[in-house]
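Remarks on the overall topology
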Amino acid sequence: MQNLTAVITGVGKALPDRRVTNADLEQMVETSDEWISKRVGIKERRMVADGEWTSHLAARAAKDALAMSGLAADALDLIIVSTTTPDTLYPSVSCLVQREIGAARAGAMDVAAACTGFIYAMGTAWAMIRSGLMKHVMVIAAEVVTSSLDWTDRDTCVLFGDGAGAVVLSAAEGGGAGILSMRLQADGNYADILKLPNSGSRAFPEYAGRFIKMQGNDVFKHAVRDMTECATDALAAAGLTIGDVSLVIPHQANIRIIDAIATRLGVPPEKVFINIEKYGNTSSATIPIALCEAVEQGRLKPGDVFIIDAFGAGLTWGAMAIRWK
Ligand code: ACO
């Protein structure tokens, strides 16, 4: 087998126009801008308009990423969409994107690994490219989390928002830029601490509706421990240390989780990308949105190593070390 890897050749993002500020939420539940800002780090989040679905955000982000890559849509071999808030379970969001962008040759599938889904999707794409089976794969994470929120539950409704991010991965010779290593992990023993009841074939009569249920403190502790370990393992697998890393792009769930991980990893604040204040937790979309903004802001230079690191329901968690082209 050739020594192949996958290099990021395009990034894109899509955010709904509508902003929901902490002041807006103060009108809906017993909360305050001060509590949300201090405890979570969010000032506002985006929310889809009527008639705007996950596939719309996904297709917009995909078009952006494709334009940056310079590829024609029919060069794509596969489209993978990470989402746990699809328009419908089938057709998949990836098929709707395939139609919208005109990727005539591409296969299409959705993956569901909650907030870690983008890293699972990237890992799948990397394996396809590394094996020589495929040359160009579009990886998208798109979420309309506001469709799963109970707007009377202050424990959850202040935390989340909607958005999408995308990357194009293309085959390249290993040993240079591209994906260097990956860790994917899960522990279903903690399935109960973060869940979306009534979202599938099982009925949960004890819960009214289809709303996120979360044991916030438990999730917080697991996130800090598991994301720290996973990032460390991904670096070791790439033969690198934290000193080699120019930027950490963590899942944006809570500013205190991000700060705790940065402290444990020994990374200074200027090497951690944070945009949670603008968008809240867009589930699996936080990392590709953040990556896109890091590129727009010139935070990644050719040859820089960066880490993506996520955690979510399942429980699932994962990390990748990547060298920017
Ligand atoms: N506004 C004001 N007060 C609030 C709010 C709110 N929105 N929410 C909770 N409180 C109150 C609580 O009722 C509690 O009051 P009490 O002391 O009188 O009982 C107090 O604030 C403290 O509550 P805690 O739950 O202990 O607050 P904590 O500091 O743990 O923060 C939070 C809660 C933000 C949820 C935190 O635990 C967290 O971020 N957890 C991780 C969340 C996360 O990562 N989710 C990932 C989802 S990923 C996916 O796959 C969907």
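Rules and cut-offs
Residues numbered from 1 in each chain as written. Predicted model: local features only at pLDDT ≥ 70, side-chain atom pairs only at ≥ 80, totals over all residues. Heavy atoms only, no water. Helix = DSSP H or I, 4+ residues; strand = E, 2+ residues; numbered from the N terminus. Rg over C-alpha atoms; globule rule 2.2 N^0.38 Å. Buried < 20%, exposed > 50% of the residue type's maximum accessible area, 1.4 Å probe, protein only. Areas by Shrake-Rupley, 256 points an atom, 1.4 Å probe, with all protein chains shown as cover. Lys, Arg positive; Asp, Glu negative; His and termini not counted. Charge placed at Lys NZ, Arg CZ, Asp CG, Glu CD. Salt bridge = Lys/Arg side-chain N within 4 Å of Asp/Glu carboxyl O. Near = heavy atom within 4 Å. Nonpolar A, V, L, I, M, F, W, Y, C, P; charged D, E, K, R; others polar.

A closer look at the overall build of the protein
- A tally of helices and strands in the protein yields 10 helices and 13 strands.
- For a compact globule of 325 residues, the expected C-alpha radius of gyration is about 20 Å, and the protein comes in at 18 Å, within 12% of that figure.
- C-alpha atoms of the protein, sized along the principal axes, occupy 55 × 45 × 35 Å.
- A buried classification covers 55% of the 325 residues belonging to the protein.
- Only carbon and sulfur atoms are counted for the fraction: they give 51% of the accessible area of the protein, which is about 13,400 Å².
- Charge centroids of the protein, computed over 30 positive and 36 negative side chains, lie 3 Å from each other.

What about the pattern of salt bridges?
- The tally for this structure, following the rule as stated, stands at 11 salt bridges.
- For Asp 192, the salt bridge identified is with Lys 195, shortest N-O distance 3.2 Å.
- A relative accessible area of 51% means that Asp 192 is categorised as exposed.
- With its nearest N and O atoms 3.1 Å apart, the salt bridge here joins Asp 226 to Arg 225.
- Assessed through its relative accessible area of 45%, Arg 225 is described here as partly exposed.

Some words on the site of the ligand
- Taken together, 24 residues sit near the ligand, with Thr 31, Cys 115, Arg 154, Asn 217 and Asn 254 positioned nearest.
- The fraction of the free accessible surface of the ligand (1,000 Å²) that becomes covered by protein chains is 73%.
- Elements supplying a minimum of two residues to the shell around the ligand: helix H2 (33–39), helix H6 (154–157), helix H7 (216–237) and helix H8 (255–265).
- Residue contributions to the shell around the ligand peak at 4 residues, all from H7.
- A class-by-class count of the residues in the shell around the ligand yields 13 nonpolar, 6 polar and 5 charged.

So far we have only geometry, and geometry alone does not tell us how the molecule works.
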